[in-house]
Amino acid sequence: MESKLSLIVPTYNEAANVEALVSRISQSTGGRLLEILFVDDDSPDGTASLAESFSDRYPVRVIVRKEKRGLASAVIDGIKEARAGIVGAINADLQHPPEAIPALLHALDDGADIAIGSRYIPGGSCGDWTLTRRIISRVATVLVHILLPSIRRVKDPMSGFYLFRRQVIENVSLNGTGFKILLEVLLNGIYRQVAEVPYTFNTRRFGRSKLGLRQSFEYLLQIIKYSAQKGEFLTFFKFSLVGASGVFVNMAVLWLLTHYCNVFYMFAAPIAIATASFSNFVLNDRVTFFDRRSSSPKIFFQRLFKFNLVGVIGAGINMSVLYLLTAGLNMHLMLSNLAGIGSATLLRYLLHAFWTWR
Ligand code: GDD
Ligand code: MN
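Residues numbered from 1 in each chain as written. Chains lettered and ligands numbered in written order. Predicted model: local features only at pLDDT ≥ 70, side-chain atom pairs only at ≥ 80, totals over all residues. Heavy atoms only, no water.

Peer 1: Can you explain the overall build of the chain? Please cite residues and give values.
Peer 2: If you tally the helices and strands in the chain, you get 11 helices and 7 strands. By its C-alpha atoms, the chain is 95 × 45 × 35 Å across when sized along the principal axes. Out of the 358 residues in the chain, the part that is buried amounts to 44%. The long-range share in the chain, meaning contacts at least 24 apart out of those at least 6 apart in sequence, stands at 76%. As presented, the chain carries roughly 18400 Å² of accessible surface, and 64% of it is formed by carbon and sulfur atoms. Of note, the chain has its 38 positive side-chain charges centred 9 Å away from the centre of its 27 negative side-chain charges. (Helix = DSSP H or I, 4+ residues; strand = E, 2+ residues; numbered from the N terminus. Buried < 20%, exposed > 50% of the residue type's maximum accessible area, 1.4 Å probe, protein only. Contact = heavy atoms within 4.5 Å. Areas by Shrake-Rupley, 256 points an atom, 1.4 Å probe, with all protein chains shown as cover. Lys, Arg positive; Asp, Glu negative; His and termini not counted. Charge placed at Lys NZ, Arg CZ, Asp CG, Glu CD.)

Set out below in structure tokens:
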């Protein structure tokens, strides 16, 4: 049971794909397969009864839900019913090649807790997707990486094709709104190692995709909600506060040097700037990104160097925005500057989060 596989197939109107799917899955998984669990939302095209008809030749079980409640919740219901030590999901439409399952199982046998079929590692691809769909998918992935840094190492966190050990989600409640269950598993599951295995996303031959604008929108809201739950907005807020504190440090140093030490203000200013910048660095290192120092560059000075480089890039962005808005759009100087500061802060935050303290 430990090393056996319960494979969940959420379906809605996939009758044309069922036969090929079942035979290809069982051919490629052989003795490892305990069951193929169809979770069907009472498809009008008879997917459920067709799948059921294969249960004499293949280890097929079918769960029918009387309402259409969506892909993610179908997978969760499947997980609840699954009996094997390894559970996973695959789409019914053969866009996920069942022939890649052995490689996923192999990754688990090699010690991974979660194995993900990935389009975005070498060897994987989106097949013949249109440029538009490629771009949308890439943007969504980058968004996940920005908003949920804890799973940044996963190149294809939105895959619908994955296996994991049952223990990963023991005692974890999955809530199943939206389209993706893997994200929840990655965010809340208990695991040490994630492996990605390349595959090529095939063209759907029969039936049609159910992923529409509405799902994409719900999905975006879901990521934002997760991000808030994980305290990511708090990190950005801390970063902004640290930035503001730098203004005070700068002012204080300038005042001390000019008033008490009689330093000429044009000599005092660079010292004030350097002090503020260093204090910002230390605060970000110890407070804002304290939990990421272990995986970031080990050497303090390396982080410091990157911090300053990003600072210069930020200043460049600040000035470009300032110039474009003031000269190009005739905006009020103070408003343009505010926009410049805002975009520079955001950019610096992203560069720090992805590079300085990655
Ligand atoms: N039970 C149930 N209920 N199943 C559903 C529902 C539903 O409301 N909606 C879709 N499904 C089933 C489909 O029948 C199919 O087997 C699978 O879920 C995926 O649906 P598609 O409509 O084919 O989605 P897609 O191909 O656009 O996107 C899939 O692949 C992507 C790449 O791995 C999804 O799995 C995405 O989450 C994934 O990112
Ligand atoms: Mn599909």
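Having put the structure on the table, let's press on.
Peer 1: Please give an account of the site of ligand 1 that cites residues and values.
Peer 2: If you check the shell around ligand 1, you find 28 residues, and the closest are E14, D93, M158, R204 and K210. In this structure, a nitrogen atom belonging to ligand 1 sits 3.1 Å away from a main-chain N or O atom of V39. A distance of 2.8 Å separates an oxygen atom of ligand 1 from a polar side-chain atom of Q95. When ligand 1 is considered free in solution it has 740 Å² of accessible area, and contact with the protein chains removes 98% of it. Where the shell around ligand 1 is concerned, the elements lending two or more residues are β1 (5-11) and α3 (71-81). Taken together, the residues of the shell around ligand 1 break down into 11 nonpolar, 8 polar and 9 charged. (Near = heavy atom within 4 Å. Polar contact = N/O pair within 3.5 Å; in protein donor to acceptor, adjacent residues only side chain to side chain. Nonpolar A, V, L, I, M, F, W, Y, C, P; charged D, E, K, R; others polar.)

Peer 1: How would you sum up a nonpolar patch on the surface? Please name residues and give values.
Peer 2: A contiguous nonpolar patch, built from V142, I146, F305, L309, I313, L347, F354 and W355 and spanning about 660 Å² of accessible area, is present on the exposed surface. Following the sequence through the fold, I313 ends up in helix α10 (residues 300-328). (Patch = residues over 30% accessible without salt bridge, like charges linked within 9 Å, V, L, I, M, F, W, Y side chains within 5 Å. Salt bridge = Lys/Arg side-chain N within 4 Å of Asp/Glu carboxyl O.)

Peer 1: Could you give an account of the environment of S245, naming the residues involved and the relevant values?
Peer 2: Examined against the element boundaries, S245 turns out to sit in helix α8 (residues 232-259). With a relative accessible area of 22%, S245 lands in the partly exposed category. Remark: the alpha-carbon pair of S245 and S279, spanning 34 residues in sequence, is separated by 8.7 Å. Leaving out residues up to four positions away in the same chain, S245 has contacts with N280 and L283.

Peer 1: Any details on the packing of aromatic side chains? Residues and values, ideally.
Peer 2: Overall, the coordinates contain 18 aromatic pairs when judged by the stated rule. Plain terms: the ring middles of F239 and Y349 are 5.5 Å apart, the flat faces sit at 55 degrees to each other, and that makes the pair tilted. Here Y349 lies in helix α11 (residues 333-356) and F239 lies in helix α8, a separation of 110 residues in the sequence. Among the aromatic residues, those joined into a cluster by ring pairs are F236, F239, F281, F289, F300, F301, F307, Y349 and W357. Geometry around F201 places R119 over its ring, the cationic atom sitting 5.7 Å from the centre. Geometry around W129 places R133 over its ring, the cationic atom sitting 4.0 Å from the centre. (Phe/Tyr/Trp six-rings, centres within 6.5 Å; stacked < 30°, edge-to-face > 60°. Lys NZ or Arg CZ within 6 Å of the ring centre and 35° of its normal.)

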